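Topology and contacts: notes
Below are the chains, spelled out letter by letter.
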8 protein chains.
Amino acid sequence: MTSKNTAEFNWDEQRLERTGIQEAVYCLHKSAGQIADILAYHQQQQSSTLLTRLSAAKVEQLPNHLSAALDFNSSGQIAIFNAEFNQYPQQQSDKDICIVTAGTSDMSLAYEAQVTLAFHGYKAQIISDVGVAGLHRLLNRIDDIRQYKLVIGIAGMEGALFSVLAGLIKSPLIAVPSSVGYGVSAGGDSALSSALASCSPGIVTVNIDNAFGAAVAAIKMISAFTHSAQNS
Amino acid sequence: MTSKNTAEFNWDEQRLERTGIQEAVYCLHKSAGQIADILAYHQQQQSSTLLTRLSAAKVEQLPNHLSAALDFNSSGQIAIFNAEFNQYPQQQSDKDICIVTAGTSDMSLAYEAQVTLAFHGYKAQIISDVGVAGLHRLLNRIDDIRQYKLVIGIAGMEGALFSVLAGLIKSPLIAVPSSVGYGVSAGGDSALSSALASCSPGIVTVNIDNAFGAAVAAIKMISAFTHSAQNS
Amino acid sequence: MTSKNTAEFNWDEQRLERTGIQEAVYCLHKSAGQIADILAYHQQQQSSTLLTRLSAAKVEQLPNHLSAALDFNSSGQIAIFNAEFNQYPQQQSDKDICIVTAGTSDMSLAYEAQVTLAFHGYKAQIISDVGVAGLHRLLNRIDDIRQYKLVIGIAGMEGALFSVLAGLIKSPLIAVPSSVGYGVSAGGDSALSSALASCSPGIVTVNIDNAFGAAVAAIKMISAFTHSAQNS
Amino acid sequence: MTSKNTAEFNWDEQRLERTGIQEAVYCLHKSAGQIADILAYHQQQQSSTLLTRLSAAKVEQLPNHLSAALDFNSSGQIAIFNAEFNQYPQQQSDKDICIVTAGTSDMSLAYEAQVTLAFHGYKAQIISDVGVAGLHRLLNRIDDIRQYKLVIGIAGMEGALFSVLAGLIKSPLIAVPSSVGYGVSAGGDSALSSALASCSPGIVTVNIDNAFGAAVAAIKMISAFTHSAQNS
Amino acid sequence: MTSKNTAEFNWDEQRLERTGIQEAVYCLHKSAGQIADILAYHQQQQSSTLLTRLSAAKVEQLPNHLSAALDFNSSGQIAIFNAEFNQYPQQQSDKDICIVTAGTSDMSLAYEAQVTLAFHGYKAQIISDVGVAGLHRLLNRIDDIRQYKLVIGIAGMEGALFSVLAGLIKSPLIAVPSSVGYGVSAGGDSALSSALASCSPGIVTVNIDNAFGAAVAAIKMISAFTHSAQNS
Amino acid sequence: MTSKNTAEFNWDEQRLERTGIQEAVYCLHKSAGQIADILAYHQQQQSSTLLTRLSAAKVEQLPNHLSAALDFNSSGQIAIFNAEFNQYPQQQSDKDICIVTAGTSDMSLAYEAQVTLAFHGYKAQIISDVGVAGLHRLLNRIDDIRQYKLVIGIAGMEGALFSVLAGLIKSPLIAVPSSVGYGVSAGGDSALSSALASCSPGIVTVNIDNAFGAAVAAIKMISAFTHSAQNS
Amino acid sequence: MTSKNTAEFNWDEQRLERTGIQEAVYCLHKSAGQIADILAYHQQQQSSTLLTRLSAAKVEQLPNHLSAALDFNSSGQIAIFNAEFNQYPQQQSDKDICIVTAGTSDMSLAYEAQVTLAFHGYKAQIISDVGVAGLHRLLNRIDDIRQYKLVIGIAGMEGALFSVLAGLIKSPLIAVPSSVGYGVSAGGDSALSSALASCSPGIVTVNIDNAFGAAVAAIKMISAFTHSAQNS
Amino acid sequence: MTSKNTAEFNWDEQRLERTGIQEAVYCLHKSAGQIADILAYHQQQQSSTLLTRLSAAKVEQLPNHLSAALDFNSSGQIAIFNAEFNQYPQQQSDKDICIVTAGTSDMSLAYEAQVTLAFHGYKAQIISDVGVAGLHRLLNRIDDIRQYKLVIGIAGMEGALFSVLAGLIKSPLIAVPSSVGYGVSAGGDSALSSALASCSPGIVTVNIDNAFGAAVAAIKMISAFTHSAQNS
């Protein structure tokens, strides 16, 4: 009655040219079959692509000839397909971006950001478990963090790290509220509202658990100010 | 058809004996007429009482012979009636309780707590405007704060002060989330959830803007451990 | 592409000295691997540590040489690792802290509090299933409860126990709203708001299901008033 | 362009016959002009009607010949128009319905319920300010309350009164959550969820501040079981 | 470290005498072990008890000698233990209570109410699937429904049944919002707010999915008006 | 420092051609000055325009030469400017659109819809106060309503009208939830969720109080099917 | 004790005649047993019916003689039973309805709409993956979309597609917010509020994930304006 | 009893050095008296300061010698005090920052951002009223917008502008959700969630109505990448 004659996806070929960032495959609500269709397209195009929110269970359901070309970070639920065809130039600086996490439970998001940056040619340092319950842990590392032009902060629960960190550095801070918590902080709402309502001006925020988005924003910021051919 | 033959209030005479704290008059949803009835009762009983959430507008509507006996703190919207009859003993220690505020906008709550404590015989020091956006302001005062056995913290917006402060002191911290904020922090929900979800264990919380409740809890804590005749 | 060269955790060695309470391992959002890394660190340090929100499933995934050193309370989802190295002194008093629960369903939180207190050297009595639907159950035990300097109350559903209990005792009451309920009380929001909005002044609250936090707050209160060397 | 040729109201003449209760005029969102139109209709019909949520400001805007026929309770914001034409029989029993309030601030709702009942021929006793913060106030009156076949309970803030009261009486309890409160209980949500989530089975609830609805439900309950000609 | 020396439950023996309804066992948040302890107590007491929110999975985990004495309705997730010892008198009337459901998906709640009523000696008729999308289904049955003194209405989704039904009958209507729905009505909030906000006065409500509570309220209403020895 | 050199508005000249509906002036968040600037533009263009959410207070603040050209419906808070230049053809049919309201309080939205339709050349009949609490009022008018090709339903509180009405007619129903209500229905959320969650399939909804949007949608529906030159 | 003597469903035979759309079977909250009972009824009646929200797991639990007559679309979780008895006439036009999706993840809802339309005799074209992140994808197809009299738009996450699309076409747009998203857009609330709050007037909305409802509304719109015998 | 011996504010002198941005005075919850105290301090220090959320009413309450030194933008509710002492260097580039608004109602936030930038030495262009309901308005200006290194987007209601704009430019986009809207978009929640949940990666967000914060973040971004002496 309803034949599947419709192509279910419609790859945004010009996104790289238009926005500086190529389309990634957001896997959370896609079936393994839909993901496979998209990877087959990239196989054919001999292009590399990034896959986010990819569960190990779905990786196992992919055909072998596709999963073999995946470089999969299971903690970060992120993968690079056809890395060999990746055409982004490797950036030389290793002092552009620093990723700071409040707790061990935030590491999966740190990896999501780090892999996203790596795919686009950027190195990033992770400084982990410096939540403000033990303030000295952050203060011990603050001079390191100050070396970087841009900081991605990741915190769940009450998200107090964002305000303290932003008050101590000149660099812009991109907050990634994480869904780590329970009770009133279940799902990440407390951390998100802390990032938005911070008494430290100049924090910008992305959606809960959206480390990918924070990495993309970081790349757009760096590109905007360091490349001459802006938006043209 | 419905004659006002009902006495509208029913004073809890034994509350002091039962809980260590006598009943106070919460004025927010009471009419000036209802407040006047209660004050007249205390006038007749020659007893002193505390009034919270009392607006200047309602004070003006009270009969002169009642308002004359009011010691009113307009910023804290709190008053003491018949102070001369107050029978609480003055505590000697001035290192029991410290009130710490994140910003200038939280001062009205600091006064509400301070007057409540004073009514019950306790002195309290206010250390104000030490929010974490400028962390050194807090660090500069932390040794002072550490002198106190108990800390009442007041903060609105994202409430990051609670976590940082609790991580730096041994004393218990009673958090008072304030309704200072806008957007996602309007009404105080962000500060409340930060207090509840804090990564620093050992914070306890009261309702948004309930500085009176924090002061009462502080008194109950001090009494529990310093008086011999506990609960009897 | 992203080698796991980052140490994922950063133990807060000075927390005991700074706040009187050593860091505990919150397991809810940590993988079994991350937990094992932390336990191995304590194995090597010959130190004892407390683990909260630890599921039986994760215990089973731990290496045998680590799980063998765990004293696990499955109902309370809480464990003590390397109890033999625990250096907290045993407190003598058994009338400091009482844990009161509204219903049988709240027992797991009662155990979480009790084990946390035991780890820090405090005995605590549990008085269970005295919810206000059958008020005499509470009234029958109220004289017992009044013997204690501090009360931890645990209740889900509508949390009416908090107000009634606080109105009957001089001791401070730390409320632990539990996530027991369904419909409007699913997740514990009703019990939490009852604790916060109580008509009985002097209740302080922790996050939903945070019995660990209530126990830590109780310890900080007792320490503040019974040890001479406060905060120094 | 749009002539006001539409009659804006459409009186439900048969509601009394169909449901046992005649239509009342809910004034909160009606303009004084719309209210006047409805009263003029009743003036012409020589019928009596009940008006709820009627502000003093709107009463003043009504034409004199209409407001003269109003019996207005300003605290309860409720009025009876054309009382002389009221045809409900006066019930003899004065032990049918008791109205119990937690605090003085709930009296306006108590009057709303009492006037509604009076309009329909029922007497009701108000027992006020027996909130559970001072439990003895309730226990002192509980034998009185037990004399009534049906109880309407009114409470704001955390609404703990509902659970305690329902656990002490055999009569059905209709809970009226009031919008008395601030912070998390602002607007009455805490009291409403306490009524719904109560651990005492058998409580039924109406909307926040809907004392009128509680009174109507009480009348339907009494009628259902005491009149022979049920629903026919 | 923490021996299980605490009796975890505390049966409310006098609830029947005090409120007219004996305590039931709410199983949702209890473990099979806790339920078994309670049933063993009733086994020993030779008393009958009602169990609500009991899953088939937990029934299977009970010891055989206990489960053998269970009369389990799996759709309604409700059971009667030791029915032979039930001492409630069988009521003669079969026109007291009618249970009306909006859709087939609401039948499990209808059974929960029906079994609860049966345990207490009341027969109840179920009239099912008369939601207002096909209004004639309700109108066809309305004369039947009008025969009953009290109606329990069960509806999910938008809960429009409550308003329509209450506008057509003289009997009181107890609304049970069900958690049937998705999107904005997931969890039952839409149906609950429809019951509370109804334009038809006189509806009373219980918590989402609380058919047990509706049945208990119904019994209390009938008892209040039909038994002479009220509350004594 | 910041001269007001920026033109603050940017009239969408092609909206009529592109969507069939010309831009209207939404006044709720605009200052009287901003509205005056826009009207001056239309004065100059000799074009007619519709203004929605326009308060009487702002009308009074407009310059006389502009307010003189306003045809203002104060109940509906809607106005037509320069009606003489209106170029929409008058539709002949008076059986296209019917506006049905649940209560008198919904009339202001009915006028907002009716004036919007009139501005675009459509007549609409208002059938008011037929809420389902008195079902016969709706059933008495249902044959009239069935004469219309499209129905706009307006209801606040619990919004049960939408489901009942949609179940009785073949025409599409556009629901306008109104913000009439209090407690859980304050602001219109209950009515909105009833429209969305209805058990009667085929209802479509607009935002709370958006009678203008409902009217525009109605016009687009009629145009789509009755004009030959669709979208071209 | 409670024999299952109640017929659990009550088929709305006249719904087709009354509303133009026959009743469908909403399976989400029905057990496989309840679904089988309904299909057996249609088997006996030799009638065709539509089943929505039908999981593959429930299909497998149906008796073979019933499942054999199901035409099941697993992606759309929708099925047609007894297609051979379907009596809806096939509509000739293939330019009536277009279904537009923002992303690949929205395809299951597109199939739900398409099958619903097919059951009622309408063909619909799906134009997929034209979300506004790559605006040219939508602009490339906009002339195609403009050929259709009515557009069903499906989008999750922030739902920006609805506003952009409505601003570019004359046809009415029925928005179906999908539950595709995470963090603040988990469950579809963001997309729903975007549809409701759109700055493009004339969008109408259905519940989150209610593609069935959108299809039914579309059919009612087409029928209203293209059939002569409206509502009679 | 409580003398006002406490200095209520505690100016963060080192914030400029530490974060690159000096402290501003957030006036929303401060009294005119508190603001005057702070201005007097700056008067004395001969320093310039920025004041946000400053109402005209409070300006009028300030002493003349202070208000005379205010440069007040009433639409943006923002002021510069002692502009003559401002020591920020004027930036030469006028292609750094572009402010884009969806509607006329968003202009007050545009001014708040523009004045904040001006205070810090940055020029910014406002491109207003280019909301996506009339997409061509945005497309007509997109080449202009592409000239800027960084874009601040301001939109209320459903906030669709953010996604469309981010998909068309390489520059980073800072979203400012505005509280323009009603019904589900009242208060700005819809626009905020659209910014957070956008399908266009790389958008970063600030709190509702926080144009000041967006401007500060923009300055930190530009500074991070264009000044050599980063964070030192």
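Quantities reported herein were computed from a predicted structural model and do not represent experimental measurements. (Residues numbered from 1 in each chain as written. Chains lettered and ligands numbered in written order. Predicted model: local features only at pLDDT ≥ 70, side-chain atom pairs only at ≥ 80, totals over all residues. Heavy atoms only, no water.)

**A short note on the sheet that holds strand β3 (residues 70–73) of chain B**
Residue and element names in this part refer to chain B. Inclusion rule: A strand pair is defined by DSSP finding two or more bridges across the two strands. To qualify as a helix, a DSSP run of H or I must reach at least 4 residues; to qualify as a strand, a run of E must reach at least 2; elements of each kind are numbered from the N terminus. The contact rule is simple, with two residues in contact once any of their heavy atoms fall within 4.5 Å. Lines are fitted to the C-alpha atoms to define the axes, a helix being fitted only along its stretch in contact, and any angle between axes, read from their N-to-C directions, falls within 0 to 180 degrees.
Strand order in this open sheet of four strands is β1-β2-β4-β3, and the pairing throughout is mixed. Looking at strand neighbours, the two that pair on one side only are β1 (25–26) and β3, the edges of this open sheet. Sitting on the sheet, helix α2 (residues 32–45) is in contact with β1, β2 (49–52) and β4 (78–81), with an inclination near 165° to β2. Packing of helix α5 (residues 107–119) onto the sheet brings it into contact with β2, β3 and β4, and relative to β4 it is tilted by some 20°.

**Some remarks on the interface of chain A and chain H**
By convention, interface size is frequently given as the accessible area that disappears when the constituent parts associate. Stated precisely, the cut-off is as follows: Two parts placed together each lose some accessible area under a 1.4 Å probe, and adding up what both lose gives the buried area. We count a salt bridge whenever a side-chain nitrogen from Lys or Arg sits within 4 Å of a carboxyl oxygen from Asp or Glu. Each polar contact in these results corresponds to two N or O atoms within 3.5 Å; when the atoms are within protein, one needs to be able to donate a hydrogen and the other to accept it, and residues that are neighboring in sequence are counted only if both atoms are side-chain atoms. Nonpolar residues are Ala, Val, Leu, Ile, Met, Phe, Trp, Tyr, Cys and Pro. Charged residues are Asp, Glu, Lys and Arg, and all others, Gly as well, are polar.
Each partner contributes to the interface: chain A provides 42 residues, whereas chain H provides 42 residues. Together chain A and chain H conceal approximately 3600 Å² of surface at their shared face, both sides included; 61% is due to carbon and sulfur atoms. One can count zero salt bridges joining chain A with chain H. For the pair chain A and chain H, the number of links is seven residue pairs in polar contact (both at pLDDT 80 or more). Mapped by element, the contributors of at least two residues to the side of chain A that touches chain H are α1 (15–19), α8 (189–196), β9 (203–205) and α9 (211–226) of chain A. Ranked by residue count, the leading element in the side of chain A that touches chain H is α9(A), at ten residues. Considering only residue class, the side of chain A that touches chain H consists of 23 nonpolar, twelve polar and seven charged.

**Remarks on the domain arrangement of chain A**
Residues and elements named next belong to chain A. Basically, it comes down to this: Reported domain spans reflect what an automatic or database domain assignment gives.
Domains assigned within chain A are domain 1 (3–85) and domain 2 (97–228). Among the residues domain 1 hides against domain 2, the three largest losses belong to Ile21, Leu50 and Arg53. Together they make up 39% of the total. Our count for the contact surface shared by domain 1 and domain 2 stands at one residue pair in polar contact (both at pLDDT 80 or more). At the level of elements, β2 (49–52) and β4 (78–81) are the ones that each hand at least two residues to the side of domain 1 that touches domain 2. Ranked by residue count, the leading element in the side of domain 1 that touches domain 2 is β2, at three residues. Counted by class, the side of domain 1 that touches domain 2 contains five nonpolar, eight polar and one charged residues.

**Things to note about the relation of the copies chain A and chain H**
What counts, and what does not: We superpose the copies by least squares over the C-alpha atoms of residues that have a pLDDT of at least 70 in both of them.
You can overlay chain A on chain H at an RMSD of 0.0 Å; the transform is a turn of 180° with a shift of 0.0 Å along its axis. One copy is carried onto the other by what is essentially a two-fold rotation axis. Across chain A, the rotation axis passes nearest the C-alpha of Thr205(A), at a separation of 2.5 Å. When the interface residues of chain A are mapped onto chain H, 100% of them again fall at the interface, so both copies present the same face.

**A word on the pairing of strand β8 (residues 173–177) of chain G**
All names here are of chain G. Convention followed: To sort residues, take the accessible area from a 1.4 Å probe on protein chains only and compare it with the maximum for the residue type: under 20% means buried, over 50% means exposed, and anything in between is partly exposed. Throughout, right-handed denotes a crossover for which the path from the first strand over the helix to the second runs clockwise when the strands point away from the viewer.
The buried count for β8 comes to five of five residues, which makes it a mostly enclosed element. Relative to β8, strand β7 (residues 150–155) runs parallel, the two sharing five bridges. The residue of β8 that forms the bridge with Val151 is Leu173. A crossover connection joins β7 to the parallel β8 through helix α7 (residues 160–166); in handedness this β-α-β unit is right-handed. Sheet analysis places β8 next to strand β9 (residues 203–205), joined by three bridges and oriented parallel.

**Observations regarding the interface of chain B and chain D**
With 24 residues of chain B at the interface, the matching set in chain D holds 25 residues. Inspection of the chain B/chain D interface yields one salt bridge. Close ionic contact of Arg137(D) with Glu23(B) constitutes a salt bridge, the shortest N to O distance being 3.9 Å. Between chain B and chain D we count 13 residue pairs in polar contact (both at pLDDT 80 or more) in total.

**Things to note about the relation of the copies chain B and chain D**
Of the two same-sequence chains, chain B is brought onto chain D (RMSD 0.0 Å, axial shift 0.0 Å) by a rotation of 90°. Taken together, the rotation and translation describe the operation of a four-fold axis. When C-alpha distances to the rotation axis are compared across chain B, the minimum falls at Gly187(B), with a value of 8.7 Å.

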